[in-house]
Number of protein chains: 2
Amino acid sequence: MSQLDYPPPILDLIQCLKSLPGIGSRGAERLALWMLNHRQQEAKTLAISIQTTMDCITPCPECGFFVEDGASCPACADPLRDHTLICVVEEPTDILPIERSRAFNGVYHSLGGKLSPLDDIGPEDLRIDVLLQRVDAAGPDCEVILATGSDVEGEATAAYLTELLKKKQCRISRLAQGMPAGSGLEQADPLTLIKALQGRTACQ
Amino acid sequence: MSQLDYPPPILDLIQCLKSLPGIGSRGAERLALWMLNHRQQEAKTLAISIQTTMDCITPCPECGFFVEDGASCPACADPLRDHTLICVVEEPTDILPIERSRAFNGVYHSLGGKLSPLDDIGPEDLRIDVLLQRVDAAGPDCEVILATGSDVEGEATAAYLTELLKKKQCRISRLAQGMPAGSGLEQADPLTLIKALQGRTACQ
């Protein structure tokens, strides 16, 4: 007696779903069976939506944010934004968290990654040339905010960009580091406390 | 200044992903961004896999398990299985958990649901006719194991099938109810304890 198992297309689907972040073997099987059990139409809609999105979304040639074919990025095209204030982030997905804070009215620039020798990612793999052109175009009043991560690679990328930008006529700044909002001393790691102490601000 | 947001195809994709079980708003956004950030090829492979599976998987005409177009279900076609022992389950997805226990060498029958007046599911919506035909074909030595769930609808479905099958020449049985393996009295709910006491077995 041979043991019954799913037919190959279902096993392939489970394998594909398992590659999604945060989804393990059991979760992938549950998702596949949910699709097969009465939800075939919803599953097909999802498949079409994935393909449409992958086919029609391209990076904005200026800032690297997601745009539809041919359309221009609403931020880069917005005359009400301050185009002399450029916030540099690692990935296009880093842009909306800043936008949602409503504390920034400039434009963005996604590098498409960060310097990471271990992953073989050097300066030539990042959108640094376009950044330098934008800084030149923005004129001498320009300010570049380096909003790369505070991990080793993010700090190295910020240091590298600082050296490059020093040759330009622009101000360079870095996001403040310190205690996250709503958090107590108990939850803070030593490095965060060091940064919070070093960056302490005078009380008015 | 208008606030920047994802283009419509990405918002649609997030909406589709949110309909998956166990995936909320934040999880759906994370999945969509994971696909857009460097994983476009894997996302397309997933989309094709979903569509292939939804298009080519059909229910086995005998037992209702998942088969590829034209192929016959390996269990129903296996001469080494006991075809006079039929295990009746609610959904095709209930079949593999029993198969993986390696405690069953008969064949399966998925009803495609359970009696549920609240959801407007009556006997005519379940694969009961095919079951009765299979019982007739299996002959007088046939045994039907009712492995529907132990919730109200599962019990009602088992009771309904018992009444129908009593008119046939076949034995009818129900999965034992009692304490789950590896579980203590502390975790057991009162109904499970009642069933475990009622169904107690003599020690040898």
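Residues numbered from 1 in each chain as written. Chains lettered and ligands numbered in written order. Predicted model: local features only at pLDDT ≥ 70, side-chain atom pairs only at ≥ 80, totals over all residues. Heavy atoms only, no water.

1. Here we look at the overall build of chain A
Part 1 of the argument: Of regular secondary structure, chain A possesses 7 helices and 6 strands.
Part 2 of the argument: Taken over the C-alpha trace, chain A has a radius of gyration of 23 Å; the compact-globule value for 204 residues is 17 Å, which it surpasses by more than 25%.
Part 3 of the argument: Seen through its C-alpha atoms, chain A measures out along the principal axes to roughly 75 × 50 × 35 Å.
Part 4 of the argument: The contacts of chain A with a sequence gap of at least 6 include a subset with a gap of at least 24, amounting to 48%.
Part 5 of the argument: Carbon and sulfur atoms provide 54% of the accessible area of chain A, an area that totals close to 11100 Å². (Helix = DSSP H or I, 4+ residues; strand = E, 2+ residues; numbered from the N terminus. Rg over C-alpha atoms; globule rule 2.2 N^0.38 Å. Contact = heavy atoms within 4.5 Å. Areas by Shrake-Rupley, 256 points an atom, 1.4 Å probe, with all protein chains shown as cover.)

2. Observations concerning helix H1 (residues 8-18) of chain B
Part 1 of the argument: Among the residues making up H1 of chain B, those that are buried are Pro9, Ile10, Leu13, Ile14, Cys16 and Leu17 of chain B. Viewed end-on, H1 of chain B has its buried residues packed into an arc of 160°, placing them on one side of the element.
Part 2 of the argument: In this structure, the buried residues of H1 of chain B make contact with helix H3 (40-56), strand E1 (57-59) and strand E2 (66-68) of chain A together with helix H2 (25-36) of chain B. (Buried < 20%, exposed > 50% of the residue type's maximum accessible area, 1.4 Å probe, protein only. Arc of directions from axis to C-beta.)

3. Considering the interface of chain B and chain A
Part 1 of the argument: On the chain A side, the residues contacting the 66 residues of chain B number 66 residues.
Part 2 of the argument: For the pair chain B and chain A, the two sides together bury roughly 5900 Å², of which 68% comes from carbon and sulfur.
Part 3 of the argument: Between the two partners, chain B and chain A, sit 4 salt bridges.
Part 4 of the argument: Of the charged contacts, one joins Asp55 of chain A and Lys44 of chain B as a salt bridge, the two residues approaching to 2.9 Å between their closest N and O atoms.
Part 5 of the argument: Put simply, chain B and chain A have 16 residue pairs in polar contact (both at pLDDT 80 or more) between them.
Part 6 of the argument: Among the secondary structure elements, those contributing two or more residues to the side of chain B that touches chain A are H1, H2, helix H3 (40-56), strand E2 (66-68) and helix H4 (95-100) of chain B. (Buried area = accessible area lost by both parts, 1.4 Å probe. Salt bridge = Lys/Arg side-chain N within 4 Å of Asp/Glu carboxyl O. Polar contact = N/O pair within 3.5 Å; in protein donor to acceptor, adjacent residues only side chain to side chain.)

4. Quick word on the packing of helix H1 (residues 8-18) of chain A against helix H2 (residues 25-36) of chain A
All names here are of chain A.
Part 1 of the argument: Taken N-terminus to C-terminus, the directions of H1 and H2 make an angle of 125°; their axes are 8 Å apart at the nearest point. Considering their axes alone, H1 and H2 lie oblique with respect to each other. Classified by chirality, the crossing of H2 by H1 is right-handed. Here Ile10, Leu13, Ile14, Leu17 and Lys18 of H1 lie close against H2, whose contacting residues are Ser25, Ala28, Glu29, Leu31, Ala32, Met35 and Leu36.
Part 2 of the argument: Residue classes in the contact of H1 with H2 are distributed as 9 nonpolar, 1 polar and 2 charged. (Axes fitted to C-alpha atoms, helices over the stretch in contact; angles between N-to-C directions. Parallel < 35°, antiparallel > 145°, perpendicular 65-115°, else oblique. Left-handed = near helix turned anticlockwise from the far one by under 90°. Nonpolar A, V, L, I, M, F, W, Y, C, P; charged D, E, K, R; others polar.)

5. A few points about the pattern of salt bridges
Part 1 of the argument: Summed over all chains, the structure comprises 24 salt bridges over all chains.
Part 2 of the argument: Put simply, Arg81 of chain B and Glu99 of chain B hold a salt bridge, and the shortest N to O gap is 2.6 Å. Taken together, the positions of Arg81 of chain B in the loop between E2 and strand E3 (82-89) and Glu99 of chain B in helix H4 put the pair 18 residues apart, joining distant regions of the chain.
Part 3 of the argument: We classify Arg81 of chain B as buried; its relative accessible area is 4%.
Part 4 of the argument: Across the pair Arg174 of chain B and Glu155 of chain B runs a salt bridge whose closest N-O atoms are separated by 3.3 Å. Taken together, the residues span a long stretch of sequence, with Arg174 of chain B in strand E6 (residues 171-174) and Glu155 of chain B in helix H6 (residues 152-165) at a distance of 19 residues.
Part 5 of the argument: Residue Arg174 of chain B is classed as partly exposed on the basis of its relative accessible area of 30%.
Part 6 of the argument: Within the structure, one salt-bridge network assembled from shared partners comprises Arg26 and Glu29 of chain A together with Arg100 of chain B.

6. Structural notes on the sheet that holds strand E5 (residues 143-146) of chain A
Residues and elements named next belong to chain A.
Part 1 of the argument: The 4 strands lie next to each other as E4-E3-E5-E6, forming an open sheet whose pairing is parallel. For this open sheet the edge positions go to strand E4 (106-110) and strand E6 (171-174), each flanked by a neighbour on one side alone. Between one strand axis and the next, the sheet turns through 25° on average, direction left out of account.
Part 2 of the argument: Docked against the sheet, helix H5 (residues 128-138) engages strand E3 (82-89), E4 and E5, running at close to 160° with respect to E3.
Part 3 of the argument: Against the sheet, helix H6 (residues 152-166) contacts E3, E5 and E6, and its axis sits at roughly 170° relative to E6. (Pairing = 2+ DSSP bridges.)

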